[in-house]
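Summary of structural features
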Amino acid sequence: GIPSENAKSRVETQIKAKLVLTTMDGERVNCWSHLQLPELLVARDKYRHRLQSRQQQQQALVDGSLPSSPCHAVRLEATIKCSSDPTRPVETCHGCINREYKRSLRRKDTRAPSTMEADWDEARIALEKKRIVIFNCSDMMDFSKGEASLPTRITCYCRHHMEKTGFCIYLSLYDCNNQLLATHVTPPIMITDDHKSKFKSDRTKTRAKHEYDRMGTSGSAAYANHAFFGDPTGIMSQLGSPVMASEPVQIGQLLPKQGPVAGGIRVMITGRGFHNNMEVYFGDMRAGHTRVDSSTAITCMLPVSKTSGPVTLRILDTATRTMHDASSAVFVYEEDTDQALLEFALHIIGFKSLSEAEQGFSAIQKRSEPEVEKTLRSLLAAGSERNLVQIEQLIMTILQQMLSCGLLGVQSLSLKHEASNRTILHFAAFLGMWGLVSTVLPHMSAVDEVDNNDMTAMHFACIAGRADILELLLSVGALSS
């Protein structure tokens, strides 16, 4: 894998990376058939499936080169940041853009011009600046086994950005609903051209090479030409133990910066000086499943909050009992549990999203179920008005209607929310919806299912202060601890 220290590569050299998606327990995740890369970051036009002819795309669907549905693919995003300052994104400089342009022409014509085409306007240059990391492979990769090989290349030198520590690749995975699935930050990689130094004069005017080299005790640095990405949170796990930092703790950015009051989503924290003996707090609530990926990145699970609004993120060094915070490290809790419940209820009855439900009455109409159609329309209207009383009553009604007429199977009520791993029982308990809890409870295959924060419906009922829901759950055998 990429060495945790002294990793080096060159702008001409591909990093042979393998991306692996695993669970918190290290088990391979193979829920999606394809991995979609950013079209802008793919090396050549021939690798972009959008530019293929209709006949080629149809053939790709037949042979499995393209996913049969957008929901069968996960989307990868990649950016580069300086290790010494994670708040500073990196873009390709003008000189390296010119080099990459000539490099691309050499594949077509040996008489490559010395400057870029005159018709490259500011918009085109701005796009080329974003190509700081590129993938020399198709933009739609097979991901059926939960892994994909990605030949990766960084296109600008560290010295062009006055970076003496190295570049870090920031990776994020999203599903078709744009929900963040996983993140990771690689160890720093020095992108250098020191292999050219033997051809240069000792009196060169460029910055001295030794200022940027990160040499080990043996006097040599490992080249990051073979990388392995994988992580219990989703990307990158087998890179060895996180670096134990001795530098002062600094908190940089949060990704994302806002999330639901119900918690249960993964948050990445960038900064410096991170080590294993650390706990993360959002306000006064301690985050679960905290993992120190490196000295510059921590990932954790967002805890539940009783109220919406901004809270300060703090990191506790458990070894010294020192609490670290920063004015810029603010996370905003959003109250959207009602909307999450509505969308999940629609998913249970067969719609993937609100927009699909608004346009998807044809299946119900074909079954000649006017009462179900009427209830669905009323539910969507109540959702737009965020009327909790009506949302609860109408979800109860439509579930009962669809169960009685055979449009819905009982097993569907035990489905889990893809992003948070919650059942409808979790949402109903958190919102204090006794009626909905009593409606779905007899049909649930299990009442003690845990979400991403290892919380059951009982936990949410406690947070909501609903003793009546607690009694109801206990009456059917829910665990009290």
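Coordinates for the structure precede this section.
As a starting point, this report considers the structure included with it.

Turning our attention to the packing of helix 4 (residues 337–348) against helix 7 (residues 370–385). At a minimum axis distance of 10 Å, the contact between helix 4 and helix 7 shows a crossing angle of 160°. Relative to helix 7, the element helix 4 is oriented roughly antiparallel. Once helix 4 is placed against helix 7, the crossing between them reads as left-handed. The residues of helix 7 that touch helix 4, namely those facing Q339, L342 and L346, are L376, L379, L380 and G383.

Following L255, the chain continues into P256 via a peptide bond in cis, with omega recorded as -5°. Within the fold, P256 resides in the loop between strand 14 (250–255) and strand 15 (258–260). Even without a glycine there, the phi angle at R321 is positive, about 60°. Relative to the helices and strands, R321 resides in the loop between strand 21 (309–317) and strand 22 (322–334).

On to the packing of aromatic side chains. Going through the model one piece at a time under the given rule, you end up with four aromatic pairs. Ring geometry for F282 and F331: centres 5.3 Å apart, planes at 85°, overall edge-to-face. Of this pair, F282 sits in strand 17 (residues 278–282) while F331 sits in strand 22, placing them 49 residues apart in sequence. Across this residue pair, the class does not change: F282 and F331 are buried. Each residue in the set F282, F331 and Y333 is aromatic and connected to the rest through ring pairs, giving one cluster. The ring of Y170 has K81 lying over it, and the distance from NZ or CZ to the ring centre is 4.8 Å.

We now examine the pattern of salt bridges. Counted according to the given criterion, the structure contains 15 salt bridges. Notably, a salt bridge pairs R99 with E100, separated by 2.9 Å at the nearest N-O pair. Of the charged contacts, one joins D451 and R422 as a salt bridge, the two residues approaching to 2.8 Å between their closest N and O atoms. With D451 in the loop between helix 10 (434–440) and helix 11 (457–464) and R422 in the loop between helix 8 (388–404) and helix 9 (424–430), this residue pair connects regions lying 29 residues apart in the sequence. Each member of the pair D451 and R422 is classed as buried. Several salt bridges share partner residues, and in doing so they unite R99, E100 and R153 into one network.

This part takes up the sheet that holds strand 20 (residues 297–301). If you walk across this open sheet you meet the four strands as 14-16-20-19, and the pairing is antiparallel. Every interior strand has two partners, whereas the edge strands, strand 14 and strand 19 (288–294), have only one. With direction set aside, neighbouring strand axes in the sheet form an average angle of 25°.

Turning our attention to the nonpolar core. Soluble globular proteins tend to pack their nonpolar side chains together in the buried interior. If you look at the biggest cluster of nonpolar residues, it comprises 70 residues, and the most contacted ones within it are I269, F282, L399, I424, L436 and L473. When neighbours within four sequence positions are excluded, L399 is seen to be in contact with I348, I349, L408, L413, I424, L436 and V440. In this structure, I15, A78, C96 and I154 belong to the second largest nonpolar core, which totals 39 residues.

Moving on, we come to the side chain of T456. Along the chain, T456 turns up in the loop between helix 10 and helix 11. Only 3.2 Å separates the side chain of T456 from the backbone nitrogen of M458, close enough to count as a polar contact. Beyond its immediate chain neighbours, meaning those up to four positions away, T456 contacts H426, D448, E449 and V450.

Burial runs high along strand 17: four of the five residues are buried. Looking at chain direction, strand 17 and strand 21 are connected through five bridges and run antiparallel. Across the sheet, the residue bridging to Y281 is R314, located in strand 21. The hairpin formed by strand 17 and strand 18 (residues 285–286) contains two residues between the paired strands, and G283 there has a positive phi angle of roughly 65°.

Time to look at the pairing of strand 8 (residues 147–154). Where strand 2 (residues 15–21) meets strand 8, six bridges bridge the pair, whose relative direction is antiparallel. From the neighbouring strand, L19 faces strand 8, where its bridge partner is A148.

The rules behind each value
Residues numbered from 1 in each chain as written. Predicted model: local features only at pLDDT ≥ 70, side-chain atom pairs only at ≥ 80, totals over all residues. Heavy atoms only, no water. Axes fitted to C-alpha atoms, helices over the stretch in contact; angles between N-to-C directions. Helix = DSSP H or I, 4+ residues; strand = E, 2+ residues; numbered from the N terminus. Parallel < 35°, antiparallel > 145°, perpendicular 65-115°, else oblique. Left-handed = near helix turned anticlockwise from the far one by under 90°. Contact = heavy atoms within 4.5 Å. Phe/Tyr/Trp six-rings, centres within 6.5 Å; stacked < 30°, edge-to-face > 60°. Buried < 20%, exposed > 50% of the residue type's maximum accessible area, 1.4 Å probe, protein only. Lys NZ or Arg CZ within 6 Å of the ring centre and 35° of its normal. Salt bridge = Lys/Arg side-chain N within 4 Å of Asp/Glu carboxyl O. Pairing = 2+ DSSP bridges. Core = buried A, V, L, I, M, F, W, Y, C linked by side-chain atoms within 4.5 Å. Polar contact = N/O pair within 3.5 Å; in protein donor to acceptor, adjacent residues only side chain to side chain.

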